[in-house]
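Below, each chain spelled out in residue letters.
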Amino acid sequence: MTVTLPLVLVLGLFAWGAIKFLGVRTWIVGLVALFGFWLSDTFLAPAIESGTRSGVDVINGTHD
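Residues numbered from 1 in each chain as written. Predicted model: local features only at pLDDT ≥ 70, side-chain atom pairs only at ≥ 80, totals over all residues. Heavy atoms only, no water.

(A) How the structure looks around the overall build of the protein. Scanning the protein from terminus to terminus reveals three helices and zero strands. Helices and strands appear in the protein in the N-to-C order α-α-α. For the protein, whose C-alpha radius of gyration is 14 Å, the value lies well above the compact-globule estimate of 11 Å for 64 residues. In terms of principal-axis extent, the alpha carbons of the protein reach across some 40 × 35 × 15 Å. For the protein, the exposed surface amounts to about 5,900 Å²; the carbon and sulfur share of it is 71%. (Helix = DSSP H or I, 4+ residues; strand = E, 2+ residues; numbered from the N terminus. Rg over C-alpha atoms; globule rule 2.2 N^0.38 Å. Areas by Shrake-Rupley, 256 points an atom, 1.4 Å probe, with all protein chains shown as cover.)

Right, here's the structure in full:
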């Protein structure tokens, strides 16, 4: 069985859980999200994307 969830939904659930159960402040979640958007516009973006794709492939068992 394959379940497809948008990444935004998964990250939103993690953020909600962190705020609700771990006591993380809302402004910190917002700051981390803004930093992620800023980081995606730097020279590090290809390395982050490659690492993320490799991690997803390992978890899914589809790596070469």
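From this point, the narrative continues.
(B) Structural view of the pattern of salt bridges. One pass over the full model with this rule turns up one salt bridge. Of the charged contacts, one joins E49 and R53 as a salt bridge, the two residues approaching to 2.9 Å between their closest N and O atoms. Placement of the pair is E49 and R53 together in helix α3 (residues 45–60), with a separation of four residues, close to one helical turn. (Salt bridge = Lys/Arg side-chain N within 4 Å of Asp/Glu carboxyl O.)

(C) Highlighting the layout of surface pockets. One number sums up the size of the largest pocket: a volume of about 690 Å³. Lining the largest pocket are 18 residues, and of these L7, L11, V32, A33 and G36 sit closest to its centre. At the level of secondary structure, the elements contributing two or more residues to the lining of the largest pocket comprise α1 (7–21), α2 (26–39) and α3. Tallying contributions element by element places α2 first for the lining of the largest pocket, with seven residues. Partitioning the lining of the largest pocket into residue classes produces 13 nonpolar, four polar and one charged. As a volume, the second largest pocket reaches approximately 220 Å³. Lining the second largest pocket we find T2, V3, T4, L5, P6, L7, V10, V56 and N60. (1 Å grid on protein atoms, 1.4 Å probe; cavity = no way out; pocket = protein on both sides within 12 Å on 5 of 7 lines; lining within 4 Å. Points joined across faces, edges and corners; volume = space filled by probe spheres on them. Nonpolar A, V, L, I, M, F, W, Y, C, P; charged D, E, K, R; others polar.)

(D) α3, seen in detail. For α3, which comprises 16 residues, the first-to-last C-alpha distance of 22 Å matches the rise-based estimate of 22 Å (1.5 Å per residue) to within 8%. Downstream of α3 by a residue or two, G61 has a phi angle that is positive, lying close to 75 degrees. (Expected span 1.5 Å × (residues − 1).)

(E) Focus on the packing of aromatic side chains. All chains considered together, the criterion is met by two aromatic pairs. On the basis of an interplanar angle of 85 degrees and a centroid distance of 5.7 Å, the ring pair of W16 and F21 is categorised as edge-to-face. (Phe/Tyr/Trp six-rings, centres within 6.5 Å; stacked < 30°, edge-to-face > 60°.)

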